[in-house]
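# Working through the structure, step by step
What follows is the residue order along each chain.
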Amino acid sequence: RAWFSRSYPSRAADGRRWLTQQPPDARSAEVTATDPSPLVKTRMPEGYTLASLIDTWLGQLDDRPRQILRLRFGFDGPPLTLQEIGQCQGVTRERVRQIVKKALTRLKRHYDSVAGRPLAHFAALLRHELIVHEHGWTLDACVDWLRSNDEIRLGPIEPLGLLGLLCELDEQFVLWPKHNVIALT
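Source: prediction; values computed, not measured.

Take E129: it is sitting in helix α8 (residues 117-132). If we ignore the near neighbours within four places in the chain, the residues touching E129 are W137 and W145.

This brings us to the sheet that holds strand β2 (residues 173-176). Strands sit in the order β1-β3-β2 across an open sheet of 3 strands; the sheet is antiparallel. A strand with exactly one partner marks an edge of an open sheet, and here the two such strands are β1 (136-138) and β2. If you compare each strand with its neighbour and ignore which way they point, the axes differ by 15 degrees on average. In terms of strand pairing, β2 meets strand β3 (residues 181-184) through 4 bridges, oriented antiparallel. For L175, the partnering residue across the bridge sits in β3 and is I182. Packing against the sheet, α8 makes contact with β1, β2 and β3, and its axis sits at approximately 95 degrees to β3. Sheet strands touched by helix α10 (residues 159-169): β2 and β3. Its angle to β2, the strand with the most contacts, is close to 135 degrees.

This brings us to the packing of helix α4 (residues 50-58) against α8. With their axes 8 Å apart at the nearest point, α4 and α8 run at an angle of 130 degrees to one another. One finds that α4 runs oblique with respect to α8. Residues L50, L53, I54 and W57 of α4 lie in contact with α8, whose contacting residues are P118, L119 and F122. Looking at the contact of α4 with α8 residue by residue, the classes come out as 7 nonpolar, no polar and no charged.

Take the nonpolar core next. Membership of the largest hydrophobic core comes to 44 residues, with the highest contact counts inside it found for L69, L119, F122, L126 and I182. Contributions of two or more residues to this core are made by α4, α5 (63-72), α6 (82-89), α7 (93-109), α8, α9 (139-148), α10 and β3. Sort the elements by how many residues they give to this core and α8 lands first, with 7 residues. Contact partners of L119, with chain neighbours within four places excluded, come to I54, W57, Y111, L162, L165 and L169.

Of note, R93 is situated in helix α7. Counting along the chain gives 12 residues from R93 to T81, while the straight-line C-alpha distance between them is 8.5 Å. Residues in contact with R93, not counting those within four places in the same chain, are L82 and Q83. Reaching out from R93, the side chain makes a polar contact with the side chain of Q83 at a distance of 3.4 Å.

Pairs of aromatic rings are described using the distance from one ring centre to the other and the angle between the two planes. Applying the stated criterion across every chain yields a total of 1 aromatic pair. On the basis of an interplanar angle of 50 degrees and a centroid distance of 5.6 Å, the ring pair of W137 and W145 is categorised as tilted. In terms of burial, W137 and W145 fall into one category: buried.

The grouping of R64, R95, K102, R106 and R109 at the surface amounts to a positive patch. Looking at the positive patch, the element that brings in the most residues is α7, giving 4 residues. Following the sequence through the fold, R109 ends up in helix α7.

Cut-offs used in this document
Residues numbered from 1 in each chain as written. Predicted model: local features only at pLDDT ≥ 70, side-chain atom pairs only at ≥ 80, totals over all residues. Heavy atoms only, no water. Helix = DSSP H or I, 4+ residues; strand = E, 2+ residues; numbered from the N terminus. Contact = heavy atoms within 4.5 Å. Pairing = 2+ DSSP bridges. Axes fitted to C-alpha atoms, helices over the stretch in contact; angles between N-to-C directions. Parallel < 35°, antiparallel > 145°, perpendicular 65-115°, else oblique. Nonpolar A, V, L, I, M, F, W, Y, C, P; charged D, E, K, R; others polar. Core = buried A, V, L, I, M, F, W, Y, C linked by side-chain atoms within 4.5 Å. Buried < 20%, exposed > 50% of the residue type's maximum accessible area, 1.4 Å probe, protein only. Polar contact = N/O pair within 3.5 Å; in protein donor to acceptor, adjacent residues only side chain to side chain. Phe/Tyr/Trp six-rings, centres within 6.5 Å; stacked < 30°, edge-to-face > 60°. Patch = residues over 30% accessible without salt bridge, like charges linked within 9 Å, V, L, I, M, F, W, Y side chains within 5 Å. Areas by Shrake-Rupley, 256 points an atom, 1.4 Å probe, with all protein chains shown as cover. Salt bridge = Lys/Arg side-chain N within 4 Å of Asp/Glu carboxyl O. Lys, Arg positive; Asp, Glu negative; His and termini not counted. Charge placed at Lys NZ, Arg CZ, Asp CG, Glu CD.

Rendered as structure tokens:
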């Protein structure tokens with residue numbers, strides 16, 4: 001309690017100071033702009049697709065967890081269930097779940113690293129779109145946006161698999177496939 005009471009006012013003051021130093025259009029850009037926020041600094045490198053950059057990011061995993069994540073999130077076709085992956089790999093679905101959980105934990109640590117920046121940039125673009133659409137969006141509209149967005153350059157990745165991976169890594173996103181909705185928490 002003492003830590004909170006002493007540090008919160010100074011953190012709030014720092015935040016207010018930072019906000020007042022921003023240009024007026026940047027302060028409201030997240031909610032009103034039609035383009036991504038000027039505060040988003042990272043960009044996708046020219047000549048690369050999001051799929052190739054995610055492959056590089058997944059490269060920090062061993063072969064088996066990397067392959068299982070690719071199957072689970074549909075990077076090589078439609079996303080597979082734990083049972084289907086278990087049959088392909090010759091293990092139980094519980095073992096697949098454990099491998100996925102361990103791999104995602106490792107990837108979360110590197111989400112904001114240089115290798116994870118393209119996915120973080122994608123998350124910032126999606127967050128902006130969800131704010132513009134009042135914090136929720138139908139999956140069909142989101143998938144159409146993903147496929148047509150020149151800045152994202154999806155590549156061969158299945159859009160719903162990519163959204164599923166993002167929801168696993170970033171707790172600000174929630175995916176409800178049964179209700180056909182992706183939203184911000």
